[in-house]
Amino acid sequence: MADKAVKRSAGILLFRGTSGGAPEVLLAHMGGPFWASRDEGAWTIPKGEYEPDETAEAAARREFLEELGLPVPAGELLPLGENRQPNGKIVTVWALEGDLDTGLVVPGTFSMEWPRGSGRVREFPEVDRAAWFPLGPAAHGRILSAQRTFLDRLGRLLDGGGAGGAAQEAGEA
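Values in this document were obtained by computation on a predicted structure and should not be read as measured data.

A. Here's a closer look at the overall build of the protein chain. If you tally the helices and strands in the protein chain, you get three helices and nine strands. Order of helices (α) and strands (β) in the protein chain, N terminus to C terminus: β-β-β-β-α-β-β-β-β-β-α-α. Residues counted as buried form 43% of the 173 residues belonging to the protein chain. Partitioning the contacts of the protein chain with sequence separation of at least 6, the portion at a separation of at least 24 is 64%. Total accessible area on the protein chain is roughly 8,900 Å²; 53% of this is exposed by carbon and sulfur atoms.

B. Region of the structure containing the packing of aromatic side chains. Tallied over the full model, the rule gives two aromatic pairs. Plain terms: the ring middles of Trp43 and Phe133 are 4.9 Å apart, the flat faces sit at 80° to each other, and that makes the pair edge-to-face. Separated by 90 residues along the polypeptide, Trp43 in strand β3 (residues 43-44) and Phe133 in strand β9 (residues 127-134) bring together distant segments of the chain. Each member of the pair, Trp43 together with Phe133, is buried.

C. Here's a closer look at unusual backbone geometry. Cis geometry is found at the peptide bond from Trp114 to Pro115, where omega equals -10°. Counting through the fold element by element, Pro115 comes out in the loop between β7 (109-113) and β8 (121-125).

D. How the structure looks around helix α1 (residues 56-68). Between its first and last C-alpha, α1 extends 18 Å over 13 residues, near the 18 Å set by a 1.5 Å rise per residue. Turning to α1, its buried residues number three or more, namely Ala56, Ala59, Ala60, Glu63, Phe64, Glu67 and Leu68. Summarising the axial view, the buried residues of α1 lie within an arc of 135°, below the 170-degree limit, and thus occupy one face. Where the residues of α1 are buried, they touch β1 (8-16), β2 (24-30), β4 (47-50), β6 (90-97) and β9. Note on α1: the residue one or two positions beyond its end, Gly69, has a positive phi of about 70°.

E. A look at the pairing of β6. Extensive coverage of β6 is indicated by the burial of seven of its eight residues. Relative to β6, β1 runs parallel, the two sharing eight bridges. Paired with Ala10 across the strands is Thr92, a residue of β6. Bridge count between strand β5 (residues 78-84) and β6: five bridges; the pairing is antiparallel. Pairing of Leu78 across the sheet is with Ala95, part of β6.

F. Local environment of the side chain of Glu67. In this structure, Glu67 sits in helix α1. The side chain of Glu67 sits in the buried core without any salt bridge; Lys47 is the nearest counter-charge, 6.3 Å away. Once residues within four sequence positions are removed from consideration, Glu67 is found in contact with Pro46, Lys47, Pro107, Gly108, Glu126 and Val127.

G. Structural view of the nonpolar core. Counting residues in hydrophobic clusters, the biggest one holds 21 residues, and the most contacted among them are Ala10, Ile12, Leu14, Leu26, Phe64, Leu68 and Leu100. Only β1, β2, α1, β6 and β9 provide two or more residues apiece to this core. If one sorts the elements of this core by residue count, α1 sits on top with five residues. Ignoring anything within four residues of it in the chain, the contact list for Phe64 reads Ile12, Leu14, Leu26, Pro46, Gly69, Leu70, Pro71, Val72, Pro73 and Leu100. Counting residues in hydrophobic clusters, the runner-up holds 20 residues, among them Phe15, Met30, Trp35 and Phe133.

Rules and cut-offs
- Residues numbered from 1 in each chain as written.
- Predicted model: local features only at pLDDT ≥ 70, side-chain atom pairs only at ≥ 80, totals over all residues.
- Heavy atoms only, no water.
- Helix = DSSP H or I, 4+ residues; strand = E, 2+ residues; numbered from the N terminus.
- Buried < 20%, exposed > 50% of the residue type's maximum accessible area, 1.4 Å probe, protein only.
- Contact = heavy atoms within 4.5 Å.
- Areas by Shrake-Rupley, 256 points an atom, 1.4 Å probe, with all protein chains shown as cover.
- Phe/Tyr/Trp six-rings, centres within 6.5 Å; stacked < 30°, edge-to-face > 60°.
- Expected span 1.5 Å × (residues − 1).
- Arc of directions from axis to C-beta.
- Pairing = 2+ DSSP bridges.
- Lys, Arg positive; Asp, Glu negative; His and termini not counted.
- Salt bridge = Lys/Arg side-chain N within 4 Å of Asp/Glu carboxyl O.
- Core = buried A, V, L, I, M, F, W, Y, C linked by side-chain atoms within 4.5 Å.

In structure tokens:
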């Protein structure tokens, strides 16, 4: 497959410190009928696809706003690198220390035929909720398995190990 045909996606993994506990990460529960009754493996980093004429960082900022309906908090983006997903899409993620009230999330929407084959097109939220999870087993159990590597990289970064190896781990699942 030519690299130009590869789909690319970019996102921002928001994290915050807690008093005496593990850092927390903001994850979004995917919207639509397929994900409605799922919890484990149904959460994602706010992210989305972009075209070659847009930078990954600009796309990550745009998608955060589109998916959550809230602007990206101010702060320095910390690169967590890329990861190729099982579907071949390459995802680039940055970490950002910040906070937001999940009760203020107003997600964007998408349209799809539902039920399939019915000819009826319905609108669904891109994400149906967002929540903070402690970085560790709670977040790992909920996020899509292909995105767990970004949680691991953030953990190493926060432990003082840096995001080192992120570029070399691009093929990690």
